[in-house]
Amino acid sequence: MAKTQDELKEMVAQKALEFIPQNAILGVGSGSTVVKFIKAIQANGIKVQAAVSSSNATTKCLEEIGVKVLDPNTCEPYDVYIDGADEINENFDMIKGGGACLTREKILASMAKTFVCIVDKSKLVDILGKFPLPVEVIPMAREQVARTLRALGGEPKLREGCITDNGCEILDVHGLSITNAAELEDKINGIPGVVTVGLFAHRGADVVLYATDEGVHEKRRA
């Protein structure tokens, strides 16, 4: 019997518990699958010494289950960061930022020795771009950034009613077919006024856990 997407998220969240380091800091991302992961930590009585968090919402969830959340500025690089993705390809490049936490997620991913991406099978793609690419922008630069994104072949649309935890706005770029994620990441990050783009290619996942009807599968970067 086919599993629902919610059931698949529960399965992969449960599997991710195996990657929690003992007596060390855990990096925690954002999104619905991560919320299930945090709830699974509590349900299974797993001890987390401390965590760094990619969003105010994640911080609240962690503190509600008794996990101490640290300022990343007070931490050295740590072992494991666990987060989801909106799309991920066979090269472990990702689109992230559907929940508007892309900048903080990218910071925490850059600090981690191992990035474990937890997704359901619907997030696996051959070519990135069907999911609109989020770009976090400083508000005064929004229109100029949008013009440049159009010149790159995209159709940017302001995410209405969205202000990030950093006080910035999100442009969601439609109509892209991304065949060289690292190159496009560099181009967009180089636009004045861009805080960051939701392409995770230079720092992609190291381990992908993905849930299917048959169970949770694991892929590791070669």
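Keep in mind the model is a prediction, meaning the values are calculated, not measured.

Trainee: Even after reading the chapter, I still don't get the overall build of the chain, so can you show me in this structure?
Mentor: From N to C terminus, the chain includes 6 helices and 13 strands. Taking 222 residues into account, the globule formula puts the C-alpha radius of gyration at 17 Å, and the chain, at 17 Å, falls close to it. Across its three principal directions, the C-alpha atoms of the chain cover 50 × 45 × 35 Å. Classification of the 222 residues of the chain by burial places 54% in the buried group. By sequence separation, contacts in the chain at least 24 residues apart represent 72% of the contacts at least 6 residues apart. If you sum the accessible surface of the chain, you get close to 10,600 Å²; carbon and sulfur atoms cover 48% of it.

Trainee: Could you clarify how one ought to interpret the state of the cysteines in this entry?
Mentor: Working definition: the covalent bond between the sulfur atoms of two cysteines is a disulfide. Going through the model one piece at a time under the given rule, you end up with 0 disulfides. No disulfide involves C61; its nearest neighbouring cysteine sulfur is the one of C101, lying 11 Å away. Given the relative accessible area of 23%, C61 is considered partly exposed. You can see C168 has no disulfide; the closest cysteine sulfur is in C162, sitting 10 Å from it.

Trainee: Which parts of the structure should I look at to understand empty space enclosed by the protein?
Mentor: Regions of empty space are outlined by a rolling probe, equal in size to a water molecule, passed over the atoms. Under the criterion given, the structure shown has 1 cavity of 30 Å³ or more. Approximately 40 Å³ is the volume found for the largest cavity. Taken together, S54, A100, C101, L102, T103, R104, E136, D165 and N166 make up the lining of the largest cavity. Looking at the lining of the largest cavity, the element that brings in the most residues is helix α4 (residues 102–111), giving 3 residues. Considering only residue class, the lining of the largest cavity consists of 3 nonpolar, 3 polar and 3 charged.

Each value, and the rule that gives it
Residues numbered from 1 in each chain as written. Predicted model: local features only at pLDDT ≥ 70, side-chain atom pairs only at ≥ 80, totals over all residues. Heavy atoms only, no water. Helix = DSSP H or I, 4+ residues; strand = E, 2+ residues; numbered from the N terminus. Rg over C-alpha atoms; globule rule 2.2 N^0.38 Å. Buried < 20%, exposed > 50% of the residue type's maximum accessible area, 1.4 Å probe, protein only. Contact = heavy atoms within 4.5 Å. Areas by Shrake-Rupley, 256 points an atom, 1.4 Å probe, with all protein chains shown as cover. Disulfide = S-S within 2.5 Å. 1 Å grid on protein atoms, 1.4 Å probe; cavity = no way out; pocket = protein on both sides within 12 Å on 5 of 7 lines; lining within 4 Å. Points joined across faces, edges and corners; volume = space filled by probe spheres on them. Nonpolar A, V, L, I, M, F, W, Y, C, P; charged D, E, K, R; others polar.

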